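Spelled out, the chains give:
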Amino acid sequence: MKKIRKAVLPVAGFGTRVLPATKTIPKEMLPIIDRPALQYVIDEAKEAGIEHFVFVTGRNKGAIEDYFDRAYELEYSLREKGKTDIYDQLNNDTPTPGSMSFVRQQSAKGLGHAIWCAREIIGGDPFAILLPDVLIKSRKSCLAQMIEAYEKVGSNIIAVDSIPNEQVSKYGVISPQKRDGSIIHISGMVEKPNPASAPSNLKITGRYILQPEIMNILENQLAGVNDEIQLTDAMVTLMQNQEFYAYEYEGQDYDCGSKLGYFEAVLAYAKDHTEIGEQAQSMINRFSE
Ligand code: G1P
């Protein structure tokens, strides 16, 4: 079984739900306390052993590439002032040279199309996908949990979580078949179903481990829901030839592409923050009095 070394992170979206904050700042760079949201997703992937990151970017996303570069002037100034903690943190977050690739999705044709844009870099290897809008706060990184499951069952694995039935139309939803602990064999899935006809209330959360054959399917995938090329539709086709499993991870997800999800993520990470956690918690308590 090939190790999962590469991850695709689609970051081309406009961030329409949190405009105007995202007019000039990529939504992935919005801060959750003192780190951009994207850094949390990178940390999750690194903990899972990911060695190469493929960003599918778009126009106005240059800040992402710059964020992962060295900042010599800043580093020099931090050293001069003896601010070694921040200096060390910056160095720690700087990726190994050559461990990131950036490809452009020139037009917003949907998640499936964004993933297909990474095909040349993925080549013949199984790979992970992390949707950076979704932060997953957990003891062990969600992708690391999935890789553990992958080492048991192989094939394709997608993270799922149960949600209230009335929310299913916002997500991809799976048809569960047979369960073995947190691993569920899947017999189907559908993108943004009507709650009345949804196959379950298990939503696809935004973390995937897929076999490279998905790329050949995406090449010819027609537009689906919302007139977008949907990854879910391509996975349904791949399911005819390969096994698919869902994984019910331990952790809490936050949709940082939405106002409330972003706010909730800030609260959740603030109260566990090493420096400000305690004070943040008492502030939160004061607000709820
Ligand atoms: C995408 C996927 C969907 C998944 C969701 C998770 O939808 O297509 O299957 O449930 O991400 O956030 P989007 O949020 O791009 O509409």
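Cut-offs used in this document
Residues numbered from 1 in each chain as written. Predicted model: local features only at pLDDT ≥ 70, side-chain atom pairs only at ≥ 80, totals over all residues. Heavy atoms only, no water. Helix = DSSP H or I, 4+ residues; strand = E, 2+ residues; numbered from the N terminus. Rg over C-alpha atoms; globule rule 2.2 N^0.38 Å. Buried < 20%, exposed > 50% of the residue type's maximum accessible area, 1.4 Å probe, protein only. Contact = heavy atoms within 4.5 Å. Areas by Shrake-Rupley, 256 points an atom, 1.4 Å probe, with all protein chains shown as cover. Lys, Arg positive; Asp, Glu negative; His and termini not counted. Charge placed at Lys NZ, Arg CZ, Asp CG, Glu CD. Near = heavy atom within 4 Å. Polar contact = N/O pair within 3.5 Å; in protein donor to acceptor, adjacent residues only side chain to side chain. Salt bridge = Lys/Arg side-chain N within 4 Å of Asp/Glu carboxyl O.

S.K.: Explain the overall build of the protein residue by residue, including any values.
M.R.: A tally of helices and strands in the protein yields eleven helices and 13 strands. What you see for the protein is a C-alpha radius of gyration of 19 Å, in line with the 19 Å of a compact globule of 289 residues. Along the first, second and third principal axes, the C-alpha atoms of the protein reach 60 × 50 × 40 Å. Considering the protein as a whole, with its 289 residues, one finds that 49% of them fall into the buried category. For the protein, long-range pairs separated by at least 24 residues make up 76% of all intrachain contacts whose partners lie at least 6 apart in sequence. Of the roughly 14900 Å² that the protein leaves accessible, carbon and sulfur atoms contribute 49%. Here the protein holds 31 positive side-chain charges and 39 negative ones, and the gap between their average locations is 2 Å.

S.K.: With reference to specific residues and values, describe the site of the ligand.
M.R.: Taken together, Leu111, Leu131, Val134, Tyr171, Gly172, Glu191, Lys192, Ile204, Thr205, Tyr208, Gln230 and Thr232 are the residues near the ligand. Between the ligand and Gly172 there is a distance of 3.0 Å, counted from an oxygen atom to a backbone nitrogen or oxygen. In the environment of the ligand, an oxygen atom lies 2.7 Å from a nitrogen or oxygen atom belonging to the side chain of Glu191. Taken by itself the ligand offers 380 Å² of open surface, and the protein chains cover 75% of this.

S.K.: An account of the environment of Leu74 is needed here, citing residue identities and associated values.
M.R.: Summarising the element assignment, Leu74 is placed in helix 3 (residues 72-80). Along the primary structure Leu74 and Val190 are separated by 116 residues, whereas in three dimensions their C-alpha atoms are 48 Å apart.

S.K.: So what's going on with the side chain of Asp253? Residues and values would help.
M.R.: Residue placement: Asp253 occurs in strand 13 (residues 252-255). A distance of 2.7 Å separates polar atoms of two side chains, one belonging to Asp253 and the other to Lys203. At 3.1 Å, the side chain of Asp253 forms a polar contact with the side chain of Tyr249. For Asp253, the residues in contact, after removing those within four places along its chain, are Val134, Leu135, Ile136, Asp161, Lys203 and Thr205.

S.K.: Account for the environment of Gln230, with residues named and values stated.
M.R.: Structurally, Gln230 can be placed in the loop between helix 8 (214-219) and helix 9 (231-238). The contacts of Gln230, once residues within four sequence positions are left out, are Gly112, Glu191, Gln221, Gly224 and Val225.

S.K.: Give me the lowdown on the pattern of salt bridges, citing residues and values where you can.
M.R.: What the rule picks out here adds up to 17 salt bridges. Among the ionic pairs, Glu51 bridges to Lys3, the shortest N-O distance being 3.3 Å. Linking Glu51 in the loop between helix 1 (37-47) and strand 4 (52-57) with Lys3 in the segment before strand 1 (6-10), this pair joins segments that are 48 residues apart in sequence. We classify Lys3 as exposed; its relative accessible area is 52%. Here Lys192 ties to Glu191 by a salt bridge, and the two come within 2.6 Å at their closest N and O atoms. One connected set of salt bridges, linked through shared partners, spans Lys2, Lys6 and Asp125.

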